[in-house]
Amino acid sequence: MTIRVLVAEDQSAVRAGLVLILRSAPDIEVAGEAADGEEAVALARELRPDLVLMDVQMPRLDGVSATRRVVAEGLADVLVLTTFDLDEYVFGALRAGAAGFLLKNAEAGELLAAVRTVARGEGLIAPAVTRRLIAEFAARTPARPAGAAGPEPLNALTRREREVLSCLGEGLSNAQIAVRLTMAEATVKTHVSRLLGKLELRSRVQAAVLAQELGI
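Everything in this summary refers to the structure shown in the same document.

So, how was this worked out
- Residues numbered from 1 in each chain as written.
- Predicted model: local features only at pLDDT ≥ 70, side-chain atom pairs only at ≥ 80, totals over all residues.
- Heavy atoms only, no water.
- Helix = DSSP H or I, 4+ residues; strand = E, 2+ residues; numbered from the N terminus.
- Buried < 20%, exposed > 50% of the residue type's maximum accessible area, 1.4 Å probe, protein only.
- Contact = heavy atoms within 4.5 Å.
- Areas by Shrake-Rupley, 256 points an atom, 1.4 Å probe, with all protein chains shown as cover.
- Pairing = 2+ DSSP bridges.
- Right-handed = clockwise from strand over helix to strand, strands pointing away.
- 1 Å grid on protein atoms, 1.4 Å probe; cavity = no way out; pocket = protein on both sides within 12 Å on 5 of 7 lines; lining within 4 Å.
- Points joined across faces, edges and corners; volume = space filled by probe spheres on them.
- Nonpolar A, V, L, I, M, F, W, Y, C, P; charged D, E, K, R; others polar.
- Polar contact = N/O pair within 3.5 Å; in protein donor to acceptor, adjacent residues only side chain to side chain.
- Salt bridge = Lys/Arg side-chain N within 4 Å of Asp/Glu carboxyl O.

Some details on the overall build of the protein
For step 1, the next point in the chain: When you go through the protein residue by residue, the secondary structure sums to 11 helices and 5 strands.
For step 2, the next point in the chain: When burial is assessed residue by residue, the protein has 50% of its 216 residues classed as buried.
For step 3, the next point in the chain: Considering only residue pairs separated by 6 or more positions, the protein has 68% of its internal contacts joining residues 24 or more positions apart.
For step 4, the next point in the chain: Per element, the accessible surface of the protein, about 9,400 Å² overall, is 50% carbon and sulfur.

Put into structure tokens, the structure is as follows:
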């Protein structure tokens, strides 16, 4: 399966480098390029890519606002590019429903692996980055991510779904959860999808934050 990616980055040299790396992979197609957030949203609506590689700091419309629109309209998954200084851009992208976060100085192989991971429906990428982000986010704010549910909907989760949610809080991938809980990877995906729906969450990363906040 070919993964269609829209690259949104305002610095032309950086964008060209990202495009070059993505085009080196036989299973990845660059569907389009955007130089600002407004263009990113417009192209996502027009091209319907599988994934948007989104810089957070862009003119006209920042990456956080663009991510919120793309996710809200169900246009594509969003992989956010960040310098990871843990500022409100990063936290805002998490609240907006970003599927994953990638450092701008990531190696080519890491970029390709991240794109493939998100395309498989797994938002928790680069464990060292994501786990730190989850812990920092949970520690900094008592408020849950936008759309997060309270204790009552949490009670609607089955025992297995709670176990999967706990694993998400540890930053585990579907494959790792499958091994931990001794189940098929496809079954893990089903549980993740169901618990996100029950908790009205937009992404696995939001679910991970919720797990951290609730201490489960």
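Read on, since the account is not over.
Remarks on the pairing of strand β2 (residues 28-34)
For step 1, the next point in the chain: The buried fraction of β2 is high, at 5 of 7 residues.
For step 2, the next point in the chain: Two elements, strand β1 (residues 3-8) and β2, share 6 bridges in a ladder whose sense is parallel. Its bridge partner lying in β2, Val5 is registered against Val30.
For step 3, the next point in the chain: With helix α1 (residues 12-23) bridging β1 and its parallel neighbour β2, the resulting β-α-β unit is right-handed.

What about the layout of surface pockets?
For step 1, the next point in the chain: Of the voids in this model, the largest pocket is the one considered here, and its volume is about 230 Å³.
For step 2, the next point in the chain: Taken together, 15 residues form the lining of the largest pocket, with Asp77, Ala99, Gly121, Arg202 and Ser203 sitting closest to its centre.
For step 3, the next point in the chain: In the lining of the largest pocket, the residues fall into 6 nonpolar, 5 polar and 4 charged.

Observations regarding helix α2 (residues 37-47)
For step 1, the next point in the chain: Those residues of α2 that fall on the buried side of the exposure criterion are Gly37, Ala40, Val41, Leu43 and Ala44.
For step 2, the next point in the chain: Here the buried face of α2 lies against β1, β2, β3 (51-55) and α3 (63-72).
For step 3, the next point in the chain: The backbone nitrogen of Glu38 has a side-chain oxygen 3.0 Å away, supplied by the residue at the start of α2, namely Asp36.
For step 4, the next point in the chain: Downstream of α2 by a residue or two, Arg48 has a phi angle that is positive, lying close to 50°.

What about the pairing of β3?
For step 1, the next point in the chain: Of all 5 residues in β3, 5 are buried; the element is thus mostly enclosed.
For step 2, the next point in the chain: Of the two faces of β3, the one lined by Leu51, Leu53 and Asp55 and the one lined by Val52 and Met54 are each fully buried.
For step 3, the next point in the chain: Relative to β3, β1 runs parallel, the two sharing 4 bridges. The residue bridging Val5 from the neighbouring strand is Leu51, located in β3.

Some points on the pattern of salt bridges
For step 1, the next point in the chain: What the rule picks out here adds up to 11 salt bridges.
For step 2, the next point in the chain: Residue Asp36 pairs with Arg60 through a salt bridge whose shortest N-O separation is 3.2 Å. Taken together, the residues Asp36 in the loop between β2 and α2 and Arg60 in the loop between β3 and α3 connect sequence positions 24 residues apart.
For step 3, the next point in the chain: Using a relative accessible area of 10% as the deciding quantity, one classes Asp36 as buried.
For step 4, the next point in the chain: Of the residues examined, Arg60 reaches a relative accessible area of 64% and is grouped as exposed.
For step 5, the next point in the chain: Taking the shortest distance from any N to any O, the salt bridge between Lys104 and Asp55 comes out at 3.3 Å.

All quantities given are derived from atomic positions and should not be read as evidence of function.
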